[in-house]
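Residue-level listing of the chains:
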Amino acid sequence: MRYMYYLSLSDYLKRIYGQKVYKISLQSGCSCPNRDGTISRGGCSFCSEGGSGDFAAPLLPVKEQIEIGIKRVEAKLPKVTEHKFIAYFQSYTNTYGDTAKLISLFDEALRDPRVIILSIGTRPDCISDEMISELKKLQDRYDKKVWIELGLQSVHDETAKRINRGYPLSVFDDTYKRLKASGLSVIVHVIIGFPWEDEKDILETIQYLSALTPVLDGIKLQLLHILKGTRLGEEYEREPFHVLTLEEYCSILVKCLKLLPSETVVHRITGDGPKKILIAPLWSGDKKRVLNTINQAIKLASDT
Ligand code: SF4
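Residues numbered from 1 in each chain as written. Predicted model: local features only at pLDDT ≥ 70, side-chain atom pairs only at ≥ 80, totals over all residues. Heavy atoms only, no water.

Peer 1: Residues and numbers for the nonpolar core, please.
Peer 2: Phe106, Leu135 and Phe172 are the most contacted members of the largest nonpolar core, which has 68 residues in total. Among the elements that take part in this core, helix α9 (residues 246–259) stands out by supplying eight residues, more than any other. Apart from the residues lying within four places of it in its own chain, the contact partners of Leu135 are Ile103, Phe106, Ile120, Val146, Ile148 and Leu184. In this structure, Cys44, Ile163, Leu232 and Phe241 belong to the second largest nonpolar core, which totals 14 residues. (Core = buried A, V, L, I, M, F, W, Y, C linked by side-chain atoms within 4.5 Å. Buried < 20%, exposed > 50% of the residue type's maximum accessible area, 1.4 Å probe, protein only. Helix = DSSP H or I, 4+ residues; strand = E, 2+ residues; numbered from the N terminus. Contact = heavy atoms within 4.5 Å.)

Peer 1: Which residues make up the sheet that holds strand β3 (residues 84–89), and what are the values?
Peer 2: Taken together, the eight strands give an open sheet; going across it, the order is β1-β9-β7-β6-β5-β4-β3-β2, and neighbouring strands pair in parallel fashion. Here the strands that pair on one side only, and so sit at the sheet edges, are β1 (7–8) and β2 (21–26). Bridging between strand β4 (residues 115–122) and strand β5 (residues 145–153) involves six bridges; their strand directions are parallel. Bridging from a neighbouring strand, Thr122 pairs with Leu150 of β5. Seen against the sheet, helix α2 (residues 62–74) touches β2, β3 and β4 and runs at an angle of roughly 135° to β2. (Pairing = 2+ DSSP bridges. Axes fitted to C-alpha atoms, helices over the stretch in contact; angles between N-to-C directions.)

Peer 1: Break down the packing of α9 against helix α10 (residues 287–300) for me, with residues and values.
Peer 2: One can describe the packing of α9 onto α10 by two numbers: an axis separation of 9 Å at closest approach and a directional angle of 50°. In terms of orientation, α9 and α10 fall into the oblique class. When the axes of α9 and α10 are compared, the crossing they make is right-handed. Across from Leu246, Glu247, Tyr249, Cys250, Leu253, Val254 and Leu257 in α9, the residues of α10 making contact are Arg289, Val290, Thr293, Ile294, Ala297 and Ile298. (Parallel < 35°, antiparallel > 145°, perpendicular 65-115°, else oblique. Left-handed = near helix turned anticlockwise from the far one by under 90°.)

Peer 1: Tell me about the pairing of β5, residues and numbers included.
Peer 2: Two faces belong to every sheet, and in a regular strand the side chains alternate between them. Across the nine residues that make up β5, a large majority, seven, are buried. Each parallel crossover has a hand, and the one from β4 via helix α4 (residues 129–142) to β5 is right-handed. (Right-handed = clockwise from strand over helix to strand, strands pointing away.)

Peer 1: So what's going on with unusual backbone geometry? Which residues, and what values?
Peer 2: The omega torsion of the bond from Thr213 to Pro214 falls at -10°, within 30 degrees of zero and hence cis. Mapped onto the elements of the fold, Pro214 is located in the loop between α7 (199–210) and β7 (218–223). The peptide bond linking Ala280 to Pro281 adopts the cis configuration, its omega dihedral lying at -10°. By the element assignment, Pro281 lies in the loop between β10 (278–280) and α10. One non-glycine residue with positive phi stands out, namely Asp143, at about 50°. Residue position: Asp143 is located in the loop between α4 and β5. At Gln153, a residue that is not glycine, the phi angle is positive and equals roughly 75°. By the element assignment, Gln153 lies in strand β5.

Peer 1: Go over the pairing of strand β9 (residues 265–268) with me, naming the residues and quoting the values.
Peer 2: The pairing of β1 with β9 spans two bridges and is parallel. Its bridge partner lying in β9, Ser8 is registered against Val266. Pairing geometry for β7 and β9, over three bridges, is parallel. Across the sheet, the residue bridging to Ile219 is Val266, located in β9.

What follows is the structure, encoded as structure tokens:
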């Protein structure tokens, strides 16, 4: 039997760096134009106040954030090896602000010899050519990869409107081309389970991303979490709608994985919804069961 192939992030990192690499979440202090009134005040309908980074550390100088993040990770690890880290600017829109100031924060992160990758979460409508060129300079100066993570969620403009994303697909396309032309890596976030999207719609998003040229570097596949304090959460509490069962999620996920190019690194196949504010689906809070069931579904989908 051949196990269904997809390139997981941990396999990719081990292949490139020869060891496990850990992620530390950092904050740049940026806001989000979809929250501060520039585009809208409500934010994306699924996004909680934490700006899609509910587990991130409090705002401190980057150097201190790195020390805290590394200490936290290393407290759980054996002290035998020198650990390597991804500095992940996760919450809100981390290229939304003064380019020089932000570049100096990113520089500070890359300067740390334990940090081997810089990952920046942002929106495709908030990355200027100047920012791209400065990030490329950093990537070359330190000879460390710079990843740009774009929260696309779906290629359907109808979905973009319903979730109040605030930009059309054409903006993503343009930014994708500019980022890839510069030599930076792009990781796209996709949400599986919007109640108005069926399996066909979701697979169309994956097909679209799979056909991108140059090939997409990475993808995060994430179950839709309905959270307290979000517009989607309010809608759900007012009038509950169908959320995916674990079995439905696994079935769609396997089809998505099969469509992806073998070079695209799969950074995530589910997602950790912050349990304290999770409304639905409640099964997603049982991480162990979720991962076991997903692994089982992948095994069943393997070629015989
Ligand atoms: S762009 Fe990101 S941070 Fe801003 S509202 Fe949407 S999901 Fe939240």
